[in-house]
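For reference, the chains in residue letters:
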Amino acid sequence: GNSVTQMEGPVTLSEEAFLTINCTYTATGYPSLFWYVQYPGEGLQLLLKATKADDKGSNKGFEATYRKETTSFHLEKGSVQVSDSAVYFCALSEPGNTPLVFGKGTRLSVIA
Amino acid sequence: SQTIHQWPATLVQPVGSPLSLECTVEGTSNPNLYWYRQAAGRGLQLLFYSVGIGQISSEVPQNLSASRPQDRQFILSSKKLLLSDSGFYLCAWSVGTDSSYEQYFGPGTRLTVT
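J.: Please provide a residue-by-residue account of the packing of aromatic side chains, values included.
T.: Within the structure shown, the criterion is met by 13 aromatic pairs over all chains. Measuring from ring centre to ring centre gives 6.1 Å for tryptophan 35 of chain B and phenylalanine 74 of chain B, while their planes differ by 25°; the resulting arrangement is stacked. Linking tryptophan 35 of chain B in strand E4 (residues 32–38) with phenylalanine 74 of chain B in strand E8 (residues 73–78), this pair joins segments that are 39 residues apart in sequence. In textbook terms, an aromatic cluster arises when at least three aromatic residues are bridged by ring pairs, as seen for Phe34, Tyr36, Phe89 and Phe102 of chain A together with Tyr34, Tyr36, Tyr49 and Phe105 of chain B.

J.: Explain the sheet that holds strand E3 (residues 19–21) of chain A to me, and be specific about the residues and the numbers.
T.: All names here are of chain A. One open sheet holds the four strands; their spatial order is E3-E9-E8-E7, and the pairing between them is antiparallel. Strand pairing shows two members of the sheet lacking a second neighbour, E3 and strand E7 (56–59), which therefore form its edges. Along the sheet, successive strands turn relative to each other by an average axial angle of 15°, direction set aside.

J.: Explain unusual backbone geometry to me, using residue names and the numbers behind them.
T.: Glycine aside, negative phi is the norm for most residues, and most peptide bonds take the trans geometry. Cis geometry is found at the peptide bond from glycine 9 of chain A to proline 10 of chain A, where omega equals 0°. By the secondary structure assignment, proline 10 of chain A is in the loop between strand E1 (3–6) and strand E2 (11–14). In this chain, tryptophan 7 of chain B is followed by proline 8 of chain B through a cis amide linkage whose omega measures 0°. With a phi angle near 50°, asparagine 30 of chain B is a residue other than glycine that sits in the positive phi range. Note that asparagine 30 of chain B resides in the loop between strand E3 (19–26) and E4.

J.: Now, about the environment of leucine 47 of chain A: what can you tell me, with residues and values included?
T.: All names here are of chain A. Structurally, the position occupied by leucine 47 is in strand E6 (residues 44–50). The class of leucine 47 is buried, set by a relative accessible area of 4%. Separated by 22 residues in the primary sequence, leucine 47 and glutamate 69 place their C-alpha atoms 23 Å from one another. Not counting residues up to four positions away in its chain, the partners in contact with leucine 47 are Trp35, Tyr36, Val37, Asn59, Lys60, Phe62, Leu75 and Tyr88.

J.: Go over the environment of lysine 49 of chain A with me, naming the residues and quoting the values.
T.: Looking at the element boundaries, lysine 49 of chain A is found in strand E6. Lysine 49 of chain A gets classed as partly exposed once you look at its relative accessible area, which sits at 31%. In this structure the C-alpha to C-alpha distance between lysine 49 of chain A and serine 83 of chain A, which are 34 residues apart in sequence, comes to 21 Å. Within the structure, the side chain of lysine 49 of chain A is placed 2.9 Å from the side chain of glutamate 102 of chain B, a separation counted as a polar contact.

J.: Could you give an account of the pattern of salt bridges, naming the residues involved and the relevant values?
T.: Residue and element names in this part refer to chain A. A full pass over the atoms with the stated rule returns six salt bridges over all chains. A salt bridge links glutamate 63 to lysine 56; the nearest nitrogen and oxygen atoms lie 3.6 Å apart. Judged by its relative accessible area of 51%, lysine 56 is exposed.

J.: Tell me about the pairing of strand E7 (residues 64–70) of chain B, residues and numbers included.
T.: All names here are of chain B. Examined bridge by bridge, E7 and E8 share five bridges and lie antiparallel to one another. Counted as the bridge partner of alanine 66 is leucine 76 from E8. Here E7 hands over to E8 after two residues, the two strands then running antiparallel side by side.

J.: How would you sum up the pairing of E2 of chain A? Please name residues and give values.
T.: Residue and element names in this part refer to chain A. The alternating pattern of E2 places Val11 and Leu13 on a buried face and Thr12 and Ser14 on a face that is not buried. Across four bridges, E2 lies against strand E12 (residues 106–111) in parallel orientation. Within the sheet, the bridge partner assigned to leucine 13 lies in E12 and is valine 110.

J.: For the side chain of glutamine 103 of chain B, give the residues involved together with the corresponding values.
T.: Along the chain, glutamine 103 of chain B falls in strand E10 (residues 103–105). In this structure glutamine 103 of chain B comes out as buried when scored by relative accessible area, which is 0%. Separated by 3.1 Å, the side chain of glutamine 103 of chain B and the backbone nitrogen of leucine 100 of chain A make a polar contact. For glutamine 103 of chain B, the contacting residues outside a window of four places in its chain are Tyr36, Pro99, Leu100 and Phe102 of chain A together with Tyr34, Tyr36, Ala92, Trp93 and Ser94 of chain B.

J.: Could you give an account of the interface of chain B and chain A, naming the residues involved and the relevant values?
T.: Opposite the 21 residues of chain B that make contact, chain A presents 22 residues. Counting the contacts that link chain B with chain A gives one salt bridge. With its nearest N and O atoms 2.9 Å apart, the salt bridge here joins glutamate 102 of chain B to lysine 49 of chain A. Run the count over chain B and chain A and you get four residue pairs in polar contact (both at pLDDT 80 or more). Put simply, the parts of the chain that give the side of chain B that touches chain A at least two residues each are E4, strand E5 (44–52), strand E9 (87–94) and E10 of chain B. Taken together, the residues of the side of chain B that touches chain A sort by class into twelve nonpolar, seven polar and two charged.

Rules used in this analysis
Residues numbered from 1 in each chain as written. Chains lettered and ligands numbered in written order. Predicted model: local features only at pLDDT ≥ 70, side-chain atom pairs only at ≥ 80, totals over all residues. Heavy atoms only, no water. Phe/Tyr/Trp six-rings, centres within 6.5 Å; stacked < 30°, edge-to-face > 60°. Helix = DSSP H or I, 4+ residues; strand = E, 2+ residues; numbered from the N terminus. Pairing = 2+ DSSP bridges. Axes fitted to C-alpha atoms, helices over the stretch in contact; angles between N-to-C directions. Buried < 20%, exposed > 50% of the residue type's maximum accessible area, 1.4 Å probe, protein only. Contact = heavy atoms within 4.5 Å. Polar contact = N/O pair within 3.5 Å; in protein donor to acceptor, adjacent residues only side chain to side chain. Salt bridge = Lys/Arg side-chain N within 4 Å of Asp/Glu carboxyl O. Nonpolar A, V, L, I, M, F, W, Y, C, P; charged D, E, K, R; others polar.

All we've got here are geometric facts, nothing functional implied.
In structure tokens:
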């Protein structure tokens, strides 16, 4: 079946450091890929998405590129801020009326 | 624009008591609706999803149930809560466009069973 694997956290970085959170997926078809962010005590927010190979999703300084050849969708940000501290979830959806498949989440803590 | 509401925001219930959590969506028609649970420090567990009124798919057998009495209303219930039901409950909706079915989440309900 379809699955998403994320790097285990927690990840702790100093402010202005470079961030990479790895995400790889297994899917039978051609999924769309997503990154969600969950700030403490809140629901999940869609951060960015990519719907086909080589697409790059970007938002708020974060970006991720859909790599079909490596089945990956790694999240990157060039300079993190304390306000980026949150849990990040990678997810995929197959075309059709099925729920998203989520990774287990990666907790990011950014210290000043 | 679309909005999703959940209530209550927090709830403390004794073991063995009933539960009813409500989720409503505004600004869209015939959405897919989802209930997730998130235990402390853990990932998301899909509990139920619905593609239409009265259509409920259960992902995990347990003492919870879901109902969809109206197009944009999704209710999570239990007749008798267990300690293990404590967690953060999230409702979400989606409407497919092209090949993308991204989901949009509500603010969540924090349930503590004592």
